[in-house]
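What follows is each chain in one-letter form.
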2 protein chains.
Amino acid sequence: MIKTPYLLFLGDAPDQLAAKVAIGIKDWRPENAVGQFKMNGCNADLGIENLSLAEAKEKGAKTLVIGVANRGGVISAAWKSVLIEAIEMGYDIASGLHNLLRDEADLVAAAQANGTELHDVRIPSVQYPIANGKKRTGKRCLAVGTDCSVGKMYTAMAMDAEMRERGLKSTFRATGQTGILITGDGVPLDAVIADFMAGSIEYLTPDNDDDHWDMIEGQGSLFHVSYSGVTLALVHGGQPDALILCHEPTRAHMRGLPDYQQPSLEDLRDVALRLAQVGNPNCKVVGISVNTQHMEDTAAKAYLAELEAQMSLPATDPYRYGAGKLVDALAAL
Amino acid sequence: MIKTPYLLFLGDAPDQLAAKVAIGIKDWRPENAVGQFKMNGCNADLGIENLSLAEAKEKGAKTLVIGVANRGGVISAAWKSVLIEAIEMGYDIASGLHNLLRDEADLVAAAQANGTELHDVRIPSVQYPIANGKKRTGKRCLAVGTDCSVGKMYTAMAMDAEMRERGLKSTFRATGQTGILITGDGVPLDAVIADFMAGSIEYLTPDNDDDHWDMIEGQGSLFHVSYSGVTLALVHGGQPDALILCHEPTRAHMRGLPDYQQPSLEDLRDVALRLAQVGNPNCKVVGISVNTQHMEDTAAKAYLAELEAQMSLPATDPYRYGAGKLVDALAAL
């Protein structure tokens, strides 16, 4: 668990896109962020208060979260001077970078000297068990996609927020680096050893109240040949009661695979449900989440209406039109 | 690559079963083993020549292969004295044990001093790429099972042997520790990081002659919730042209999962083929391999005949009745 609240480190982010992690935290857990920290040359802005390390400390910040992708894949000298100053003031540091904090001797030495923690969420910090497949109490919802990066994290986040707004019991369960930094906990599934993938998801989504829902962040796609094994571990380790189909209708081909086309939503429904029912025979497909960012409002609405008729399932873009329909479908189960 | 030929170290194996790896080498690559090395208290025997380290060395042995599971999960002091003596005589050591050779300081020191290699096939020695899904030349056959441990390695080994006996081009591709030690090369898939699973199988089964077959060792099962993700990475990374369905008809439940039943062979066929056709639209299910070790000969033959009628596919037990039918089916593709 990463200690909250955070000060969000934007460094010298070249543009807004580079600050994806920080934006996710600001959008989904604004209460976790006391402010942002920018360096010279930073072109990203979260629209929240600019704070110095000392000011944020006074406002209670416990962890400096690196909310930005680093240039060139290395932790620069300019970044380091800030990080070390933060450590010396008692901050923990959390990062999802490939360049691990723990591989930087000066950061490790400073953290040891000051008794603070370095969190590298890129890689697991837990020795996960092998999955045992035992039926767990509580309910689980998993977003599965026709492709990678079609909005599965966003869908689970939006449904979780809507559930809690309605006073229902829900926990977003992060399975990727961004989700872990946003919520402070989770499993970096893409970095787990093959034999322990499904077990890590059982560990992430344990027994719970009968009326509690885990909203599990999806990864990859059963139809994406590079990452499908990771997805199936989620489907079987997560033991979902409900599946949400996620889709981005304007893709020319599968992400990173120019020779592959997305499956139809019918194919995704049939294959994902068949596999999910191995782990949970009562699993149902309850709704469709469409990423319509590249469509005009009228086209998007027409597409969603058509999809609802065609699939006999509620369909929405939770970012654009809210997650209400999907939560209604869960509640009706 | 592990240097051949081997001297097979049986240590103080409590029984024949503990020497599974050595038996596999003797059965499938007898030309790789110059003899066996037994210690006091060894209750396993391969029926091949007992040799001292020096005698085996003279016969050309390059690597001492630990062909036995160790008691208590640790490399004992008694074993170590033999291993160090072997290293000092110039042997490489190869092991699939969880207790890694490289974690034993005295073995590492001896190997460094003598310029010999320690091979821990339990874990990867290669940084595998992320799968790119590009169509590769050559042909590939993958064994998929209704459960774990139903004879997938045996099936691929037997088909590979039959292919080569017929003068056809075939390479067994190991994906587990035993297979790697038998053949001297392969991918320890269960120990690969999630994101690189499918890529490791692409790496293992590269472009080849149009009439060459890779016989890929299967792992787990698409229906085994603990390991299904590993299996799907094989299905997508392996890009198989042909699938062999593997089954053990007398199981009361899925291995290690008392609450789960094996799927039917029809279910396995449909699910595996649908998923395999994502990576290779031309993939076909060509035959069935049944592990009949717990059935009488007449019952086994009746079962196989019934299965052939029911599934319209050739069915055999390659251990008992040879792999000819399965290789005929491949050749007919």
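Scroll up for the structure.
Overview of the structure. For clarity, every value in this text was computed on a predicted model and none was experimentally measured.

## Digging into the sheet that holds strand S2 (residues 33-38) of chain A
Residue and element names in this part refer to chain A.
So, point 1. The five strands are arranged S2-S1-S3-S4-S5 in an open sheet whose pairing can be described as parallel. The sheet is open, and its two edges are formed by S2 and strand S5 (118-120), each paired on a single side. Each neighbouring strand pair of the sheet contributes to a mean axis angle of 20°, computed without reference to strand direction.
So, point 2. Of the strands in this sheet, strand S1 (6-11), S2 and strand S3 (63-66) touch helix H1 (residues 20-28), which is tilted by about 150° from S1.

## As for the nonpolar core
So, point 1. The biggest cluster of nonpolar side chains holds 90 residues, and the ones touching the most others in it are Met197(A), Leu245(A), Ile288(A), Met197(B), Leu245(B) and Ile288(B).
So, point 2. In contact with Leu245(A), not counting residues within four places along its chain, are Val144(A), Leu265(A), Leu268(A), Arg269(A), Val285(A), Gly287(A), Ile288(A), Ser289(A), Met311(A) and Leu313(A).

## Section: the relation of the copies chain B and chain A
Applying a rotation about an axis and a shift along it to one chain copy brings it onto the other copy.
So, point 1. The two copies are related by a screw motion: chain B maps onto chain A through a turn of 180° and a shift of 0.0 Å along the axis, at an RMSD of 0.0 Å. One copy is carried onto the other by what is essentially a two-fold rotation axis.
So, point 2. Residue by residue, 100% of the interface of chain B is reproduced at the interface of chain A, so both copies engage with the same surface.

## Focus on the pattern of salt bridges
Any two side chains of opposite charge can pair if their charged atoms end up close together.
Residues and elements named next belong to chain A.
So, point 1. With the rule as written, the count across this model stands at 46 salt bridges over all chains.
So, point 2. The salt bridge involving Asp147 is made with Arg251; its shortest N-O contact spans 2.9 Å. Highlighted residues: Asp147 in the loop between strand S6 (139-145) and helix H5 (152-165) and Arg251 in the loop between strand S9 (242-247) and helix H9 (265-279), separated in sequence by 104 residues.
So, point 3. By relative accessible area, which is 22% here, Arg251 ends up partly exposed.
So, point 4. Asp297 is paired through a salt bridge with Lys301; the nearest N and O atoms lie 3.3 Å apart. Taken together, the positions of Asp297 and Lys301, both in helix H10 (residues 297-311) and four residues apart, correspond to about one turn of that helix.
So, point 5. Using a relative accessible area of 32% as the deciding quantity, one classes Asp297 as partly exposed.

## Section: the packing of aromatic side chains
Residues and elements named next belong to chain A.
So, point 1. One pass over the full model with this rule turns up ten aromatic pairs over all chains.
So, point 2. The interplanar angle of 20° and the centroid separation of 6.1 Å between the aromatic rings of Phe9 and Phe37 together place this pair among those described as stacked. Here Phe9, found in strand S1, pairs with Phe37, found in strand S2; they are 28 residues apart in sequence, far enough to count as distant.
So, point 3. A relative accessible area of 0% means that Phe9 is categorised as buried.
So, point 4. The class of Phe37 is buried, set by a relative accessible area of 13%.
So, point 5. Seen in terms of ring centroids, Tyr128 and Tyr203 are 5.4 Å apart; in terms of plane orientation they differ by 70°. Their pairing is edge-to-face. With a gap of 75 residues between them, Tyr128 in the loop between S5 and S6 and Tyr203 in helix H7 (residues 197-204) connect regions that are remote in the sequence.
So, point 6. Judged by relative accessible area, Tyr128 falls into the buried class, the value being 7%.
So, point 7. Note on Tyr203: relative accessible area 47%, which makes it partly exposed.
So, point 8. Counting every residue linked through ring pairs, the aromatic cluster contains Phe9, Phe37 and Trp79.

## What to know about the interface of chain B and chain A
So, point 1. Counting from both sides, the interface comprises 33 residues of chain B and, opposite them, 33 residues of chain A.
So, point 2. When chain B packs against chain A, the two sides together hide about 2900 Å² of surface, and 60% of this comes from carbon and sulfur.
So, point 3. For the interface between chain B and chain A, the tally reads two salt bridges.
So, point 4. Arg274(A) is the salt-bridge partner of Asp267(B), the closest N and O atoms lying 3.0 Å from each other.
So, point 5. Viewed at the interface, chain A and chain B are joined by twelve residue pairs in polar contact (both at pLDDT 80 or more).
So, point 6. Looking at the side of chain B that touches chain A, the elements with two or more residues in it are helix H7 (197-204), helix H8 (228-238) and helix H9 (265-279) of chain B.

## Focus: the pairing of S2(A)
All names here are of chain A.
So, point 1. Buried residues dominate S2, accounting for five of its six residues.
So, point 2. Pairing of S1 with S2 involves five bridges; the strand directions are parallel. Looking across to S2, one finds that Tyr6 is bridged to Ala33.

## A closer look at the sheet that holds strand S2 (residues 33-38) of chain B
Whether parallel or antiparallel, the strands of a sheet pair through hydrogen bonds between backbone atoms.
Residue and element names in this part refer to chain B.
So, point 1. Taken in spatial order, the five strands line up as S2-S1-S3-S4-S5 in an open sheet, and their pairing is parallel. Two strands lie at the open edges of the sheet, namely S2 and strand S5 (118-120), each paired on one side alone. In this sheet, neighbouring strand axes are inclined to one another by 20° on average, regardless of whether the strands run parallel or antiparallel.
So, point 2. Sheet analysis places strand S3 (residues 63-66) next to strand S4 (residues 92-95), joined by three bridges and oriented parallel. Residue pairing in the sheet places Thr63 in a bridge with Asp92 of S4.

## Side note on the pairing of strand S9 (residues 242-247) of chain B
Residue and element names in this part refer to chain B.
So, point 1. With six of six residues buried, S9 lies mostly within the body of the structure.
So, point 2. Alternating residues of S9 divide into Ala242, Ile244 and Cys246 and Leu243, Leu245 and His247, and every residue in both groups is buried.
So, point 3. Summarising the sheet, strand S6 (residues 139-145) and S9 pair through five bridges and their orientation is parallel. Paired with Leu142 across the strands is Leu243, a residue of S9.
So, point 4. Sheet topology note: the S9/strand S10 (residues 284-290) ladder contains six bridges and is parallel. Its bridge partner lying in S10, Leu245 is registered against Ile288.
So, point 5. Handedness of the crossover is the feature at issue here: the chain leaves S9, passes through H9, returns alongside S10, and the resulting connection is right-handed.

## Some points on the packing of helix H8 (residues 228-238) of chain A against H9(A)
All names here are of chain A.
So, point 1. In contact at an axis separation of 7 Å, H8 and H9 are set at 45° when each is read in the N-to-C sense. As summarised for this structure, H8 and H9 are arranged oblique, according to the angle between their axes. Seen from above, H8 lies across H9 with right-handed handedness. Residues Leu232, Val235 and His236 of H8 lie in contact with H9, whose contacting residues are Ala272, Leu275, Ala276, Val278 and Gly279.

## A few points about the state of the cysteines
So, point 1. Applying the stated criterion to the full structure yields zero disulfides over all chains.
So, point 2. Cys283(A) provides the cysteine sulfur closest to Cys141(A), a residue in no disulfide bond, and the two sulfurs are 8.8 Å apart.

About the criteria used
Residues numbered from 1 in each chain as written. Chains lettered and ligands numbered in written order. Predicted model: local features only at pLDDT ≥ 70, side-chain atom pairs only at ≥ 80, totals over all residues. Heavy atoms only, no water. Pairing = 2+ DSSP bridges. Helix = DSSP H or I, 4+ residues; strand = E, 2+ residues; numbered from the N terminus. Axes fitted to C-alpha atoms, helices over the stretch in contact; angles between N-to-C directions. Contact = heavy atoms within 4.5 Å. Core = buried A, V, L, I, M, F, W, Y, C linked by side-chain atoms within 4.5 Å. Buried < 20%, exposed > 50% of the residue type's maximum accessible area, 1.4 Å probe, protein only. Least-squares fit on C-alpha atoms with pLDDT ≥ 70 in both. Salt bridge = Lys/Arg side-chain N within 4 Å of Asp/Glu carboxyl O. Phe/Tyr/Trp six-rings, centres within 6.5 Å; stacked < 30°, edge-to-face > 60°. Buried area = accessible area lost by both parts, 1.4 Å probe. Polar contact = N/O pair within 3.5 Å; in protein donor to acceptor, adjacent residues only side chain to side chain. Right-handed = clockwise from strand over helix to strand, strands pointing away. Parallel < 35°, antiparallel > 145°, perpendicular 65-115°, else oblique. Left-handed = near helix turned anticlockwise from the far one by under 90°. Disulfide = S-S within 2.5 Å.

Read these as layout, nothing more, since geometry by itself doesn't imply function.
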